[in-house]
Amino acid sequence: HVVGAETTLSLGGYGYKAGLADVHVGTIEATTVENKYLGIRAGRRIVMHVVGAETTLSLGGYGYKDYSEMVSQVARTFQLPANRVPVDAVWGWLSKASSSTAA
């Protein structure tokens, strides 16, 4: 199930004309089901933090410049003051992940 509400970030004028339609962030809590082929046990509770970008740009084929343009647009979107709260949440996810993997 989804924890809290999914948040759509403000595009602040960088929107659709540049190829970026929407950026969403959210958290999903789930319980695994057994998959013997992948070695996954049933019943394990997991948390997935999701950042999704909807774009009209192609990320495959020969349009490699499109990928860098999309990343640039997402970065600019993350820098907008209107997006501070959801972006702070994303940084929190990343800092917890990096601290839990540090030895």
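Not measured: the values here are computed from a predicted model.

All right, on to the overall build of the protein chain then. A count of helical and extended segments in the protein chain gives two helices and three strands. Each helix and strand of the protein chain, ordered N terminal to C terminal, gives the series β-β-β-α-α. Within the protein chain, buried positions represent 22% of all 103 residues. Of the contacts formed within the protein chain by residues at least 6 apart in sequence, a portion of 52% connects residues at least 24 apart. Accessible surface, the protein chain as shown: approximately 7400 Å² in total, 58% of it carbon and sulfur.

Among the nonpolar cores identified, the biggest contains 12 residues, and these are L9, L11, L20, V23, V25, L57, M70, V74, F78, V87, V90 and W93. Breaking this core down by element, the ones donating at least two residues are β2 (20-31), α1 (64-79) and α2 (84-101). Discounting residues that sit within four places of it in the chain, V90 has contacts with V25, V51 and F78.

Looking now at the pattern of salt bridges. Tallying each qualifying case throughout the model produces two salt bridges. Between R45 and E29 there is a salt bridge, with its nearest N and O atoms 3.3 Å apart. Residue R45 is found in strand β3 (residues 45-55), and its partner E29 is found in strand β2; the two are separated by 16 residues along the sequence. For D88, the salt bridge identified is with R84, shortest N-O distance 3.5 Å. Within this pair, D88 and its partner R84 are both found in helix α2, separated by four residues, close to a single helical turn. For R84, a relative accessible area of 58% corresponds to the exposed category.

Per-residue confidence for the protein chain averages 79 on the pLDDT scale, and 77% of its residues sit at or above 70. When pLDDT is averaged over each element of the protein chain, β3 comes out on top at 87 and strand β1 (residues 2-8) at the bottom at 61.

Turning next to the packing of aromatic side chains. Using the criterion set out here, one finds one aromatic pair in the structure. Judged by centre distance (6.3 Å) and plane angle (70°), the rings of F78 and W91 are edge-to-face. Placement of F78 in helix α1 and of W91 in helix α2 is noted, with a sequence separation of 13 residues between them.

Spacing of three or four residues puts side chains on the same side of an α-helix, whose turn is 3.6 residues. The terminal C-alpha atoms of α1, which comprises 16 residues, lie 24 Å apart, in line with the 22 Å expected from a rise of 1.5 Å per residue. Along α1, the positions that sit buried rather than exposed are M70, Q73, V74, T77 and F78. All buried residues of α1 project into a common sector of 140° when viewed along the axis, lining one side. Residues Y64, K65 and Q79 are exposed on α1 and point more than 90 degrees away from its buried face.

Its place among the elements puts T32 in the loop between β2 and β3. On the basis of relative accessible area, T32 is assigned to the buried category, the value being 17%. In terms of polar contacts, T32 uses its side chain to reach the backbone carbonyl oxygen of R41, at 2.6 Å. Every residue in contact with T32, bar those within four places of it in the chain, is listed here: I40, R41, A42, G43, R44 and I46.

Calculation notes
- Residues numbered from 1 in each chain as written.
- Predicted model: local features only at pLDDT ≥ 70, side-chain atom pairs only at ≥ 80, totals over all residues.
- Heavy atoms only, no water.
- Helix = DSSP H or I, 4+ residues; strand = E, 2+ residues; numbered from the N terminus.
- Buried < 20%, exposed > 50% of the residue type's maximum accessible area, 1.4 Å probe, protein only.
- Contact = heavy atoms within 4.5 Å.
- Areas by Shrake-Rupley, 256 points an atom, 1.4 Å probe, with all protein chains shown as cover.
- Core = buried A, V, L, I, M, F, W, Y, C linked by side-chain atoms within 4.5 Å.
- Salt bridge = Lys/Arg side-chain N within 4 Å of Asp/Glu carboxyl O.
- pLDDT = per-residue confidence, 0-100.
- Phe/Tyr/Trp six-rings, centres within 6.5 Å; stacked < 30°, edge-to-face > 60°.
- Expected span 1.5 Å × (residues − 1).
- Arc of directions from axis to C-beta.
- Polar contact = N/O pair within 3.5 Å; in protein donor to acceptor, adjacent residues only side chain to side chain.

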